[in-house]
Amino acid sequence: MERVAVSDSLRGPVRADLDEIFRRDYARVVGVAARVLDSPHQAEDVAQEVFLSFGRSSVPAGEATGWLCVAAAHIALNVLRSGRRRVSREETVAAGDAAAVADVAETVVTLDERSRARAALAQLPRNHAVALVLRHSGLSYAEVAAALDLSSGSVGTTVRRAESALRKELNRDASSD
Amino acid sequence: MRHPTDGMLRRLLDEPAGVADSDRQHVAGCSRCLSGLAIIGEDAAIVETSLSTEAAVDVDVDAAWRRLSAAATATAPGPQLANVPARAGRARPILRRPTVAACAVAVVLTGAGVAAANDWLPIFRTERIAPLSLSTSELNSLPDLGAFGDVVLTGDGDVHSVPDARAATAETGLAVPEVTTLPRGVTGEPLYQVGGEVSATFTFSTDRTVEAAAEAGTTLPLPPPGLDGTQVRLVAGPGLAEIWSRTTGVPSLVVGRAVAPTASSSSDVPFEALRDYLLSLSGLNDDVAAQLRAFNADGSTLPLPVPGDFVETDSAQVDGVPATVLATRDRTMAAVVWVDAGVVTAVAGSLDVDEVLSIARELR
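Residues numbered from 1 in each chain as written. Chains lettered and ligands numbered in written order. Predicted model: local features only at pLDDT ≥ 70, side-chain atom pairs only at ≥ 80, totals over all residues. Heavy atoms only, no water.

(A) Spotlight on the overall build of chain B. Of the regular secondary structure elements, chain B holds 12 helices and 15 strands. Residue pairs at least 24 apart in sequence account for 71% of intrachain contacts in chain B once pairs closer than 6 positions are excluded. (Helix = DSSP H or I, 4+ residues; strand = E, 2+ residues; numbered from the N terminus. Contact = heavy atoms within 4.5 Å.)

(B) Representation of the nonpolar core. Val46(A), Phe51(A), Leu121(A), Leu132(A) and Leu134(A) are the most contacted members of the largest nonpolar core, which has 59 residues in total. Among the secondary structure elements, those contributing two or more residues to this core are helix 2 (18-37), helix 3 (40-55), helix 4 (64-82), helix 6 (104-123), helix 7 (126-136), helix 8 (141-148) and helix 9 (152-176) of chain A together with helix 4 (61-74) of chain B. Examining the composition of this core, we find that 12 residues originate from one element, helix 4 of chain A, more than from any other. Setting aside anything within four residues of it in sequence, one finds Val46(A) in contact with Ala33(A), Leu37(A), Ala72(A), Ile75(A), Ala76(A) and Val79(A). The next biggest cluster of nonpolar side chains, apart from the first, holds 21 residues, and it includes Val179(B), Trp244(B), Leu253(B) and Val321(B). (Core = buried A, V, L, I, M, F, W, Y, C linked by side-chain atoms within 4.5 Å. Buried < 20%, exposed > 50% of the residue type's maximum accessible area, 1.4 Å probe, protein only.)

(C) Spatial organisation of unusual backbone geometry. In the segment running from Gly237(B) into Pro238(B), the intervening peptide bond is cis, with an omega of 5 degrees. Assignment of secondary structure puts Pro238(B) in the loop between strand 7 (231-236) and strand 8 (239-245). Positive phi, close to 55 degrees, is recorded for Asp38(A), a residue that is not glycine. In this fold, Asp38(A) is placed in the loop between helix 2 and helix 3. Residue Asp319(B) is not a glycine yet carries a positive backbone phi of 50 degrees.

(D) Representation of the pattern of salt bridges. The final tally for this structure, using the stated rule, is 18 salt bridges over all chains. For Arg23(A), the salt bridge goes to Asp19(A), with nearest N and O atoms at 2.7 Å. Here Asp19(A) and Arg23(A) lie together in helix 2, a separation of four residues that amounts to about one turn. Judged by relative accessible area, Asp19(A) falls into the buried class, the value being 14%. For Glu312(B), the salt bridge is made with Arg329(B), and the minimal N-O distance between the two is 3.0 Å. Pair noted here: Glu312(B) is in strand 12 (residues 311-318) and Arg329(B) is in the loop between strand 13 (321-328) and strand 14 (334-340), with a separation of 17 residues, a long-range link. Taking relative accessible area as the criterion, Glu312(B) reaches 30% and is therefore assigned partly exposed. (Salt bridge = Lys/Arg side-chain N within 4 Å of Asp/Glu carboxyl O.)

(E) Main features of the environment of Ala327(B). Residues and elements named next belong to chain B. Its place among the elements puts Ala327 in strand 13. Separated by 14 residues in the primary sequence, Ala327 and Thr313 place their C-alpha atoms 6.5 Å from one another. The contact partners of Ala327, leaving out residues within four places of it in the chain, are Phe310, Val311, Glu312, Met333, Ala334 and Val353.

(F) Layout of the packing of helix 2 of chain A against helix 7 of chain A. All names here are of chain A. Where helix 2 meets helix 7, the closest approach of the two axes is 9 Å, and the angle between their N-to-C directions is 120 degrees. As far as their axial angle goes, helix 7 and helix 2 are oblique. For the pair helix 2 and helix 7, the sense of crossing is right-handed. Seen from helix 2, the contacting residues are Val32, Arg35 and Val36; seen from helix 7, they are Val133, Leu134 and His136. Here the residues of the contact of helix 2 with helix 7 are counted per class, giving four nonpolar, one polar and one charged. (Axes fitted to C-alpha atoms, helices over the stretch in contact; angles between N-to-C directions. Parallel < 35°, antiparallel > 145°, perpendicular 65-115°, else oblique. Left-handed = near helix turned anticlockwise from the far one by under 90°. Nonpolar A, V, L, I, M, F, W, Y, C, P; charged D, E, K, R; others polar.)

(G) Representation of the environment of Asp309(B) within the structure. For Asp309(B), the position within the fold is in the loop between strand 11 (301-307) and strand 12. As a C-alpha pair, Asp309(B) and Thr328(B) span 19 residues in sequence and 8.9 Å in three-dimensional space.

(H) Looking closely at the side chain of Thr345(B). Looking at the secondary structure, you find Thr345(B) in strand 15 (residues 343-349). Within polar-contact distance, the side chain of Thr345(B) engages the side chain of Arg257(B) at 3.0 Å. (Polar contact = N/O pair within 3.5 Å; in protein donor to acceptor, adjacent residues only side chain to side chain.)

Structure (C-alpha cells):
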C-alpha cells in the first residue's frame, strides 16, 4: 500500500523504470560512494543525487547499473576533493559505539588508515580512481570496461596502476607520521 | 615467451578465467612473474582493506525511496510557462501536478467575500500562509481546475536566469534577500532566477463539470443558478530565487521571494455557493473540506497543501511575522515560508529546521 503511494508521489517527468532500478541497484550505488567517502550518510546523499539525475535521464535500462556506479564514483570523488565532507551527529555517535566495543588501538589505526586512503584516492587521476573504486565495489572487469568504455584488457592495467599509486601514497603518509 | 603485463597479472588475481591458458601456464612456471604477482596481490589486499567500509550494510531501501520521492517532487521542473498553450484543454497537464493543482483549487475555494457585480472584485489577498495537510492519495485525487471549466493562462512567467542580484531586483521590483551566513556544506555563489507575473483565469463550466463527473461515474447535484460562466482570476508574481546547487544540479539551498497570490471574481453568485459546490465535487473527505471552508474567514490566508505522510508542519516567527515550517519526516529537507506586506518569502534546502530558520531570521 505504501509503495503505491510512494510511486504516485513521483508523478512527473521521471522515467517509468526508476522504481525497479532503484530497488535493484540502490545498495550497490551506496556501496560505491561509501568506498570513496567511508561515510554511510554521505554515501546515501550521493546515491540520492545519482538517482535524481538518473530518474530524469534517458540512459538505456541495460546500461543503468554501470551508469549509476560511475556517476556515484564521480560525485563522491567530487565531494571528497571539495572538502565538503561533513561528519553528522549520527556518525559521531556510531563511531563512539564502535570504539567502545572494539579494541581501541586497533580501531584508531584502522580509522587512520581509512582516512589516509581516502586522501590518497583524491590525489589519483580521475579515471584511475573511478576504475579502482568500481572494481573494489565488486564490478567485474567486463562491467568496469563497459561502464568506462575501456577494453577488458586495459581494466587490469588501470586498476593495477591505481593500486600501486595508492600504496605509494599510503606508504609515504605512514613514513612521514 | 613474453611475460604477461602487470594488468594481466592483476586480473589473474580476480578473474583467472579471464586470462588465457597460455599466460596462466607461463606465470605458474616463471619466478619473475610469480614474484610480481605476489607484490600485486599484496597491494591489492592493502587497498581493499583501506577502502573497506561498513556503509552499505544497513541500507534501508524503502526509506531511501521515500526520500527520493520527496526530493523528486520538490525538484520537479516547474511548469514551462513560456511554452504552455493558452487554452485550457492543452493547459491541463501542468495543472495535474498534485501540488500545483491543489494550490489552484485551494486558492479558488478559499477566496472570501461575495462578488455582487459583474466587475472584477478582489476576493482573496495573501497575507499569511497556513499548511493544509493532505495525504498523498488525497493530493493526487484532487481534480485540476480543468475538470470544472476553462483555465486560460493570461500571464507568462518567463522564468530565466539573470547574472546577479541587482538584475533580479531590476526585473522584479523585489529586494533580493541577502543570506548573511551560509550553512555548513553550502558554498559558492548562487544562481539568480526571476519570473514575471503569472495569471490564470478560471471560468466555471457546467458542461465541463458534468462531463468530468460522468467520467468519474458520479451524478451531480444541481449547480447554483448563475454559476455557469463565473470567472475567477488568479495572479501571482513576479518573483525571484537564489539557488545554491550541488554539482549534479540538485539545490542545496533556495531562497525565494515573490508577490503573493491574489484572486478576483467576476461572479454575481455568492462566493460561498461556488466554493461549496466545488467542494462537493472535489472528492475531498469531509475533514479536508471543513478545513478549506475554515480558511474562508477573511480571504487572507493561503492554504499551503502539503503531503502529510511525508512532511510535518509547524509554526514559528520570522522577524515577528508568523511563518510556516515544513520538514520532511526523514529530516532530509526543510523549509520556512512567510508573508509580509503581500510578499511571500521562502527558505528551503537539504538542511534541518534550525538551519533554515536561522537563515530566514538573518536575511537582510
